[in-house]
Amino acid sequence: MPTWLHLGISLALGAAYGVVAWQDLRRRALSLWPLLLICALSLLHRNPWWWPVVGLCVWWPWRKEAAPLMLPAIIGVGWLTGNSAPALVLSAGLVAWAYGWWGGADAALLAALALRYDTAGMVGGGITMAIFGITVLVARQQLLTLLPAMTDVLAARPVTISGPGRPEHEMPAATALAAAGVVLEIVRWL
């Protein structure tokens, strides 16, 4: 691909990540179009087997109920293509979303990071979310609520940290993943 096309893809990804972060921080809800754009651009250089798998995981209406049934297909495509990072992230994200630990947009963004940047995207997204989450808990003086929340995760129950409404108690994970995407895209050009 020509360099100008790579630059265009990077700029489009950066703009879409910016929209995701803005919507997550301002409205606490994401539009579908930036997620579609990020996922589609992340799939451009991938094996064609990933296209239907990501389509099922992100846009299939019954994916939440059928999550356990889709895991063998995800793992199979990861093995077939030799890309274990996207398979691991898609599997974990789908299960986390099905159990209510995560939002679907968060899982889709982490999957897009793993598809675009392989292991660096998976690790970078995970580390960014961990740092961002702990920072949010410290800023809200709720770090001690992390242990009870982790026991809820291990018991497969929906997690609520505290506070009456969603914006007060939920970490804006999509913003953290968008920041990781922008940083990884800049690093890709360096």
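Residues numbered from 1 in each chain as written. Predicted model: local features only at pLDDT ≥ 70, side-chain atom pairs only at ≥ 80, totals over all residues. Heavy atoms only, no water.

Draft legend 1. A look at the pattern of salt bridges. Counting across every chain of the model gives two salt bridges. Close ionic contact of D118 with R46 constitutes a salt bridge, the shortest N to O distance being 2.2 Å. Residue D118 is found in helix α6 (residues 104-139), and its partner R46 is found in the loop between α2 (32-42) and α3 (50-59); the two are separated by 72 residues along the sequence. For R46, a relative accessible area of 11% puts it in the buried group. Note that R116 and E185 form a salt bridge whose closest N and O atoms lie 2.9 Å from each other. Of this pair, R116 sits in helix α6 while E185 sits in helix α9 (residues 173-189), and the two are 69 residues apart along the sequence. Look at R116 and you get buried, because its relative accessible area is 8%. By relative accessible area, E185 is classed as buried at 5%. (Salt bridge = Lys/Arg side-chain N within 4 Å of Asp/Glu carboxyl O. Helix = DSSP H or I, 4+ residues; strand = E, 2+ residues; numbered from the N terminus. Buried < 20%, exposed > 50% of the residue type's maximum accessible area, 1.4 Å probe, protein only.)

Draft legend 2. Quick peek at the nonpolar core. Formed by 43 residues in total, the largest nonpolar core has its most connected members in Y17, I38, W50, L90, L109 and L113. Mapped onto this core, the elements with two or more residues apiece are α1 (3-26), α2, α3, α4 (67-81), α5 (84-98), α6 and α9. Per element, the largest residue contribution to this core is eleven residues, and it comes from α6. Setting aside chain neighbours within four positions, we find W50 in contact with L43, I74, V77, G78, T81, N83, P86, A87, L90 and L115. (Core = buried A, V, L, I, M, F, W, Y, C linked by side-chain atoms within 4.5 Å. Contact = heavy atoms within 4.5 Å.)

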